[in-house]
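Geometric and topological summary
Residue-level listing of the chains:
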Amino acid sequence: MNHILVANEVTKQFGNHTALKNVSLEIPKNSIYGLLGPNGAGKTTLIRIINQITFPDKGSVYFDGKLLKPEHISQIGYLPEERGLYKSMKVGEQALYLAQLKGLSKVEAKKRLKYWFEKLEIGDWWNKKIQELSKGMAQKIQFVVTVLHEPKLLIFDEPFSGFDPINANLIKEQILSLKDNGTSIIFSTHRMESVEELCEYIALIHKSEKILDGKLSDIKKAYKNNIFKVGLETANQDVLISEVKDKFQLLSHDYDITEKQLNLTLQLPSKESRAILDFLSTRANVNGFVETIPSANDIFIKTIQNKNIAHE
Amino acid sequence: MNKLPLIIKREYLAKVRNKSFVIMTFLSPILMVGMILLIAYLTQLNDNEKRVIAVLNDSGYFSNEFIASEATSYVNFKDLTLAEAKDSTLSLGYYGLVYLPSEPNLEQVAQRAFFYSKEAPSSTVLDKLENTITSRLRQERLRELGLSPKEYAEMDRSYNMNIETFDGLQNIKGINEIKAIIGGAFGYLIMMFIIIYGGFVMRSVIEEKTSRIIEVIISSVKPFHLMMGKIIGTSLAGITQFAIWIVSGALLLFIGLTIFDIDPASLTKGGMAPGMEGNTSVDVDAVTQNIQLYAQEIFEIPIFAMLIFFIIYFVLGYLIYSSIYAAIGAAVDNETDTQQFIFPVILPLMLAIYVGFFSVFSNPNGPIAVAFSLFPLTSPIVMLMRLPWGIGEGGVPVWQLISSILILIATFIGIVWVAAKIYRVGILMYGKKPSYKELYKWLKYSS
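Residues numbered from 1 in each chain as written. Chains lettered and ligands numbered in written order. Predicted model: local features only at pLDDT ≥ 70, side-chain atom pairs only at ≥ 80, totals over all residues.

**Digging into the overall build of chain A**
What chain A contains, in helices and strands, is ten helices and 14 strands. For a compact globule of 312 residues, the expected C-alpha radius of gyration is about 20 Å, and chain A comes in at 25 Å, more than 25% above that figure. Principal-axis analysis of the C-alpha atoms places the extent of chain A at approximately 75 × 45 × 35 Å. Summarising the internal contacts of chain A: among those between residues at least 6 apart in sequence, 72% fall at separations of at least 24. (Helix = DSSP H or I, 4+ residues; strand = E, 2+ residues; numbered from the N terminus. Rg over C-alpha atoms; globule rule 2.2 N^0.38 Å. Contact = placed C-beta atoms within 7 Å.)

**Description of the interface of chain A and chain B**
For an interface, size is often stated in terms of accessible area lost upon the parts coming together. With 23 residues of chain A in contact, the opposing surface of chain B contributes 19 residues. For the side of chain A that touches chain B, a count of residues per class yields twelve nonpolar, six polar and five charged. (Nonpolar A, V, L, I, M, F, W, Y, C, P; charged D, E, K, R; others polar.)

**Brief notes about the confidence of the model for chain A**
For chain A, per-residue confidence averages 87 on the pLDDT scale, and 99% of positions sit at 70 or higher. Looking over chain A, one finds the lowest element-wise mean pLDDT in helix α10 (residues 296-311) of chain A, namely 81, and the highest in strand β7 (residues 153-157) of chain A, namely 93. (pLDDT = per-residue confidence, 0-100.)

**Quick word on the UniProt feature "transmembrane region" (unreviewed entry) in chain B**
Listed under "transmembrane region" (unreviewed entry) in the UniProt record, and renumbered for this structure, are residues 21-42, 180-201, 239-260, 301-321, 341-361, 368-389 and 401-423 of chain B. Secondary structure across residues 368-389 of chain B divides into 68% helix and 0% strand, with the first and last C-alpha atoms of the span separated by 16 Å. (UniProt positions renumbered as here; feature names shortened; annotations may be inferred.)

**A closer look at the sheet that holds strand β2 (residues 72-77) of chain B**
Residue and element names in this part refer to chain B. One open sheet accounts for four strands, arranged β2-β1-β3-β4; its pairing is mixed. The open sheet terminates on both sides in strands that have one partner only, identified here as β2 and β4 (114-117). Neighbour to neighbour, the strand axes of the sheet diverge by 25° on average, direction disregarded. Helix-sheet contacts for helix α3 (residues 82-92) involve β1 (51-57), β2, β3 (96-100) and β4, and the interaxial angle to β3 is about 160°. (Pairing = 2+ DSSP bridges. Axes fitted to C-alpha atoms, helices over the stretch in contact; angles between N-to-C directions.)

**Some thoughts on helix α1 (residues 4-17) of chain B**
Residues spaced three or four apart along an α-helix face the same direction, because each turn holds 3.6 residues. For α1 of chain B, which comprises 14 residues, the first-to-last C-alpha distance of 20 Å matches the rise-based estimate of 20 Å (1.5 Å per residue) to within 8%. Within the span of α1 of chain B, buried status applies to Ile7, Ile8, Arg10, Glu11, Tyr12, Ala14 and Lys15 of chain B. (Expected span 1.5 Å × (residues − 1). Buried ≥ 20, exposed ≤ 12 C-beta atoms within 10 Å, placed from the backbone.)

**Description of the UniProt feature "domain: ABC transporter" (unreviewed entry) in chain A**
Here, UniProt's "domain: ABC transporter" (unreviewed entry) annotation points to residues 5-232 of chain A. Between the end C-alpha atoms of residues 5-232 of chain A there is a gap of 50 Å, over a span that is 34% helix and 30% strand.

**A few points about the packing of helix α13 (residues 303-331) of chain B against helix α14 (residues 339-360) of chain B**
All names here are of chain B. With their axes 10 Å apart at the nearest point, α13 and α14 run at an angle of 170° to one another. As judged from the angle between their axes, α13 and α14 are roughly antiparallel. Facing α13, whose interface residues are Tyr321, Ile324, Ile328 and Ala331, α14 presents Phe341, Ile342 and Val345. Grouping the constituent residues of the contact of α13 with α14 by class yields seven nonpolar, no polar and no charged. (Parallel < 35°, antiparallel > 145°, perpendicular 65-115°, else oblique.)

**Details of the sheet that holds strand β6 (residues 76-79) of chain A**
All names here are of chain A. The sheet built from six strands is open, its strands ordered β6-β7-β8-β3-β9-β10 with mixed pairing. Sheet topology places β6 and β10 (209-215) at the edges, where each strand pairs with a single neighbour. Going from strand to strand, the sheet's axes swing by 15° on average, the running direction of each strand aside. Pairing analysis gives four bridges linking β6 to β7, with the strands arranged parallel. By the bridge assignment, tyrosine 78 is partnered in β7 with isoleucine 155. Its contacts with the sheet put helix α1 (residues 43-50) on β3 (32-36), β6, β7, β8 (184-189) and β9 (201-206), and the angle it makes with β7 is roughly 150°.

**Some words on the environment of leucine 232 of chain A**
Residue and element names in this part refer to chain A. Mapped onto the elements of the fold, leucine 232 is located in strand β11 (residues 227-233). C-alpha separation for the pair leucine 232 and isoleucine 205, spaced 27 residues apart in sequence, amounts to 41 Å. Filtering out sequence-adjacent residues up to four positions away, leucine 232 remains in contact with Gln261, Leu262, Leu264, Leu280, Ala284, Asn285, Val286 and Asn287.

**A look at unusual backbone geometry**
Residue and element names in this part refer to chain A. In this structure, asparagine 30 takes a positive phi of about 55° despite not being glycine. Along the chain, asparagine 30 turns up in the loop between β2 (17-28) and β3. In this structure, serine 208 is a non-glycine residue whose phi angle is positive, near 70°. Topologically, serine 208 is positioned in the loop between β9 and β10. Judged by local crowding, serine 208 falls into the buried class, with 21 C-beta atoms found within 10 Å.

**Examining the nonpolar core**
Among the nonpolar cores identified, the biggest contains 134 residues, and Ile155 of chain A together with Ala326 of chain B are the most heavily contacted of them. With 13 residues, the single largest contributor to this core is α13 of chain B. Setting aside its immediate chain neighbours within four residues, alanine 326 of chain B contacts Val201, Met202, Val205, Met227, Lys230, Ile231, Ala419 and Tyr423 of chain B. In terms of nonpolar packing, the next biggest core, distinct from the first, is built from 14 residues, Ala54, Leu56, Phe66 and Tyr99 of chain B among them. (Core = buried A, V, L, I, M, F, W, Y, C linked by C-beta atoms within 7 Å.)

**Let's talk about the domain arrangement of chain B**
Domain boundaries in chain B define domain 1 (4-35 + 174-264 + 297-444) and domain 2 (48-155). Averaged C-alpha coordinates put domain 1 of chain B and domain 2 of chain B at centres separated by 56 Å. (Domains from an automatic or database assignment.)

**Observations concerning the packing of α14 of chain B against helix α16 (residues 379-386) of chain B**
All names here are of chain B. α16 packs onto α14 with a crossing angle of 20° between their chain directions and a minimal axis gap of 8 Å. In terms of orientation, α14 and α16 fall into the roughly parallel class. Between α14 and α16 the crossing geometry is right-handed. On the side of α14, the interface is formed by Leu349, Ala352, Ile353, Val355, Gly356 and Val360, while α16 contributes Ile381, Val382, Met385 and Arg386. A class-by-class count of the residues in the contact of α14 with α16 yields eight nonpolar, one polar and one charged. (Left-handed = near helix turned anticlockwise from the far one by under 90°.)

Right, dumping it as structure tokens:
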């Protein structure tokens, strides 16, 4: 079995509102899977179904090849977007309690907490109350509590919100090392730059439906649309621009004064780029020639816009 | 693995370690006992205050009827006009002035007599004056009728009806009041416990919502377990608090009474209506006989059965109400939004107490008492108020007791089911305050 989690035609209604409509997902083992979508798309509902906080009206979910059951809870770790801790409880006590709720024994929980607290350099917080900590500090403890029981599947919902860049980086490293140690991770966010850095696979959910999923690199390839950027050095740029306009489809151009370079963005009819290169090399010095790869952000926006147009 | 004990333990410790809870637990008995001692002290102080009352006697009747007592003394004014007497009373700082005008006979003197004072006179003073004049009037009337005071006393001897139940047991007056107090105490205890600790459950649910820990927790445990753990943990904390109150309150009261040397009997005497003391002329034998009868009657109250039923009704009643409180807490975001939902919850509790005091005590087996001791939201209180009158013959019929408990259990299951549904939807809802209509919609959501 290569998938840690498989969702099959999952549908969920709340009264008249459909939160999820026939959503199917396959989340490969030992990978970081980005669950993307605008606010209110149904991401949180899907995550809650995986955590068995709510249950689907239709469809089924399989965990590690078996139908999802309450005993799987101890193999899933969940860091919700709306997260907090008991304010008047001490850090250590609280972490122990939450770990025990996940099925760890007190002794084992204590041992692992010590390890993590040292790793994140928060050992001296043990007897502090949550209300004495800053938001970022509380977030660190939440992260520890989420991963402490060494689940097979980790679900992070906006894990970096509330962290300063240094700590965000620290957490990112921890997430990557967890993945390297064999954990599968679902990563829900609408911040695309972290998707590019972390995710191997993505699924895009929009208006309760999955509209796109797959390997991020494959998706990017599919979304390439033969747009090339060229940097040129030429004495007579006006002539060159009008010549290019005649022969090719010029999307935009600008002149970089510091580099003394003319930048063109061209739309080619196919991947074939020899014609334009041949043409340009006879007219100017070609400093750079590169195909633009769409960012996750571009894909996100474009897919949703297309979907909205299709709906109208 | 069952996580319920873990949750109960956390909820219990969170409650017991809470600062305001600790302060409440240890301060309340001190405050209560302090209050009782203060009242006792002030009552004694009040009794010690001496009042001087001036008497302007133009009538020629009354000569030595106004006898000074511990609290009051009299000063006779002579050869003064009424206006002068009023002025002197005021300037001497006396409490008031009794004016007995000159009239042809005593009846008319009494008719036209006045008491002048700066403010409205205290009822104790007025009663005393009225009693003095009444007894003088009685004397005069007896003299006119030619009766001796001894003959009159013979005539006035009060009569007590002999009372007995049909099976020949001797009955005594006043025992119903004692039963009412016992029943009332049990009922009141349940109501207070529900309101205080139900509120704690509700606030604890709101706290979990506002601190946003709820989703972390319910990804590990079922919402139903969390709710029940919370209710049980909080009630254990409540029982701890009550136990501390009872023990420390009794201890403090004992110490206080010893230190201040206050006779507990004087407290009850203070509550008696003035003038009643004089009329109680029961001989000692009758008193001891009565005490024996009271003791016998109190032993007749099924204390053991009452305790068992108290626990049954207490547990079921508390579980019903606190799950409603938990559902309310889950439905709202902050405490100010709870008002509209809390009122309908407190209403049946208040109703039960009122029905208990006004209907059950006068007629423990009347239709109203029966109806309210079967209705599940009032039965924990009303049935306990009926129980001191016994179970079975003469008291609560066994079928009523059984059906009341069965109805209560059925309601408990129904309410907990409904509350758990509202709870599990509500804890994940943030934002606007839901209406009753929306709560009803939540019930129809599949889990």
